[in-house]
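# Structural features, examined
Listed below are the residues making up each chain.
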Amino acid sequence: MKHLLLLCLLGTPALAAASGVSAWPDKPGEKEQFEPVPMPPGFQVVVTGQEGPVFADSRGHTLYQWPVRQLRNGPVGERKSQPSCDKTVYTVNAGLMSPYPAGFELPEVATRPSCLDVWPAVLADKDAKPVGKWTIVERKDGLRQWVYDGYALYTSVLDEQPGEVNGGHSGNPGEVGVRKPVEAPSMVPPQFKVESTLLGRMLMTSENFSVYANAKDVAGKPSCAGKCLDEWKPILAPAYAKPRGEFAIVEPSPGIRQWTFRKQPLYTHVGEPFFKMYGSDVPSWYNVYTQRTPKPPADFTVQESPTGLVLADKSGKTVYVYNCADDALDQLACDHPDSPQAYRFTVCGGGDPKACLQRFPYVPAARDAKSDNLSWTTMWIDPMTGKQAKPEQAGALHVWAYRKRPVYTHFRDKGPGDMTADQWGEFYGYRNGYKAFWLRSDFGRGAP
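Rules used throughout
Residues numbered from 1 in each chain as written. Predicted model: local features only at pLDDT ≥ 70, side-chain atom pairs only at ≥ 80, totals over all residues. Heavy atoms only, no water. Helix = DSSP H or I, 4+ residues; strand = E, 2+ residues; numbered from the N terminus. Rg over C-alpha atoms; globule rule 2.2 N^0.38 Å. Buried < 20%, exposed > 50% of the residue type's maximum accessible area, 1.4 Å probe, protein only. Contact = heavy atoms within 4.5 Å. Areas by Shrake-Rupley, 256 points an atom, 1.4 Å probe, with all protein chains shown as cover. Lys, Arg positive; Asp, Glu negative; His and termini not counted. Charge placed at Lys NZ, Arg CZ, Asp CG, Glu CD. Pairing = 2+ DSSP bridges. Polar contact = N/O pair within 3.5 Å; in protein donor to acceptor, adjacent residues only side chain to side chain. Disulfide = S-S within 2.5 Å. Phe/Tyr/Trp six-rings, centres within 6.5 Å; stacked < 30°, edge-to-face > 60°. Salt bridge = Lys/Arg side-chain N within 4 Å of Asp/Glu carboxyl O.

### Details of the overall build of the protein
Counting secondary structure elements, the protein contains 6 helices and 29 strands. Rg of the C-alpha trace for the protein: 23 Å, near the compact-globule value of 22 Å for 448 residues, within the 12% margin. Structurally, the protein occupies a C-alpha span of about 70 × 60 × 40 Å along its principal axes. A buried classification covers 54% of the 448 residues belonging to the protein. Once local pairs closer than 6 in sequence are excluded, the contacts in the protein between residues at least 24 apart make up 63%. On the protein, roughly 20,000 Å² of surface is accessible, and the fraction owed to carbon and sulfur atoms is 56%. The average position of the 50 basic charges and that of the 48 acidic charges among the side chains of the protein differ by 2 Å.

### Points about the pairing of strand E14 (residues 247-253)
Across a regular strand the side chains alternate sides, sitting on one face of the sheet and then on the other. The pairing of E14 with strand E15 (residues 256-261) spans 5 bridges and is classified as antiparallel. Counterpart to Ala248 in the pairing with E15 is Thr260. Between E14 and E15, which pair antiparallel in sequence order, lie 2 residues; one of them, Gly255, sits at a positive phi of approximately 85 degrees.

### Structural notes on the environment of Glu30
Here Glu30 is to be found in the loop between helix H2 (13-19) and strand E1 (44-48). Using a relative accessible area of 27% as the deciding quantity, one classes Glu30 as partly exposed. C-alpha separation for the pair Glu30 and Gln291, spaced 261 residues apart in sequence, amounts to 5.9 Å. If near-sequence neighbours (up to four positions away) are discounted, Glu30 is found in contact with Arg262, Thr290 and Gln291. Looking at Glu30, its side chain comes within polar contact range of the side chain of Arg262, at 3.0 Å.

### Regarding the state of the cysteines
Tallying each qualifying case throughout the model produces 4 disulfides. Put simply, Cys85 and Cys115 are joined by a disulfide, and their sulfur atoms are 1.9 Å apart. In this structure, the disulfide formed by Cys85 and Cys115 twists by about -110 degrees around the S-S bond and is classed as left-handed. A residue pair is termed long-range when its members are at least 10 positions apart, and Cys85 in the loop between strand E5 (74-76) and helix H3 (115-118) and Cys115 in helix H3 qualify at 30 residues. Here Cys85 falls in the buried class, since its relative accessible area comes to 1%. According to the relative accessible area criterion, Cys115 is buried, its value standing at 1%. Paired by a disulfide, Cys224 and Cys228 hold their sulfur atoms 1.9 Å apart. Between Cys224 and Cys228 the disulfide shows an S-S torsion of about -110 degrees. By sign, it is left-handed. Along the protein, the cysteines engaged in disulfide bonds are linked according to the scheme 1-2, 3-4, 5-6, 7-8 when indexed in sequence order.

### Re the sheet that holds strand E6 (residues 134-138)
Here we have 3 strands laid out as an open sheet, ordered E6-E7-E8, and antiparallel in their pairing. At either margin of the open sheet sits one strand with a lone partner, and together these are E6 and strand E8 (151-152).

### Considering the packing of aromatic side chains
This structure, assessed with the given rule, holds 25 aromatic pairs. Their ring planes at 40 degrees and their centres at 4.7 Å tell us that Phe300 and Trp376 sit as a pair that is tilted. With a gap of 76 residues between them, Phe300 in strand E20 (residues 300-305) and Trp376 in strand E23 (residues 376-382) connect regions that are remote in the sequence. Across the pair, Trp376 and Phe300 agree in class, each one buried. With 5.4 Å between their ring centres and 90 degrees between their planes, Tyr408 and Tyr434 make a pair best called edge-to-face. Of this pair, Tyr408 sits in the loop between strand E26 (405-406) and strand E27 (424-426) while Tyr434 is found in strand E28 (residues 432-436), placing the two residues 26 residues apart along the sequence. Classification of Tyr408 by relative accessible area gives buried; the value is 3%.

### Considerations on the sheet that holds strand E24 (residues 387-388)
Taken together, the 4 strands give an open sheet; going across it, the order is E24-E23-E25-E26, and neighbouring strands pair in antiparallel fashion. The strands lining the two open edges of the sheet, one partner per strand, are E24 and E26. In terms of strand pairing, E23 meets strand E25 (residues 397-402) through 6 bridges, oriented antiparallel. Bridging from a neighbouring strand, Thr378 pairs with Trp400 of E25.

### Quick look at the pattern of salt bridges
Enumeration according to the criterion identifies 20 salt bridges in this entry. Notably, a salt bridge pairs Lys193 with Glu195, separated by 3.4 Å at the nearest N-O pair. The class of Lys193 is partly exposed, set by a relative accessible area of 26%. For Arg405, the salt bridge goes to Asp335, with nearest N and O atoms at 3.3 Å. Taken as a pair, Arg405 in strand E26 and Asp335 in the loop between strand E22 (320-324) and helix H5 (342-349) lie far apart in primary sequence, 70 residues in all. Pair check on accessibility: Arg405 and Asp335 agree, each one buried. In the salt-bridge network here, residues are joined through shared partners; they are Glu30, Glu246 and Arg262.

Right under this line is the structure:
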């Protein structure tokens, strides 16, 4: 019964009925609670569908940071209180990612934006005062910029309305050049934390073990006893712990204090490695989420591959996302249609757009296709340039997009679950290439 419970959560009606677990997303109105924290005037918390609670400006636009990280040949990003994103327009690569030396001219130099064109700095008024973790730093250009927990704050030109998180994500640590949304602190006891995944905001222990609940438990009454406890370990609350938000404590026996979330007793799976979800393969057991991500449009399905669950088109072919970050010092992303397409055309077709279209066709969307959430949209694409096109433009394709980036299938995938193009490109598909749209991978962290 491998993956039975997770498939139920992803909306397979027959399996859902068999397990007693509701289809994905269950209770879509439930949102993650966050800790009330002091904020300067003009800032707020917005609970997004994909990343949960994030800090936002007065318009509701998500705030981002760019913490420094080490690449092959040097660090990239910003150190605390040292914003480096400025008006410089870089024309050559920096040589941070071997085997490419520095000095190669970047594509579309004449129209290449500066870092601040893509990532507007969140500026502070002259009378603004620090509040809590919110401080102010004076930039080299003389402007005052807001800082949260040490790192300078920016917005993204790709976010146009509250709740959008198109500039970056909390995603896979293998990616480079990715800015990260500034998550507001989750209202969880110290023994827990929350991880963003493509299924939702998954509850973990502070030691990175998955947290589970049992569909047989009702109204806060644990049913796991006897031999069940050999495989499932109740998550116990210390004597000093107190209920917090949607977390409560029950005593299944005198002196035993067990955590519950939304009245469901919580457990870990005995012997399970860090970050894994094997326990959801056991009937009636499922991973706990503080909130579910919005369900993909009806044109998409979920398929089981040899190594986990992937998102697929309506015919069952695996869906891929394209990752790209250039190697200039400002590490601008090149995965959006408005960015240079030379990188993608080189990886998917040796520079030939027609070859790319044959090898990695876009996932088509009907002209009247609509999405009921902000993560999925449609757009018109000129396949010969890879850029956005005007509606109904001659030769343009109407395609599905995830976080405003088109998604693709691959010509070598013949049947449901095939994923021959996963990690197609440079640095396992993270630097410049394609990754399968993992919903769950038993051999990795999963989500692209």
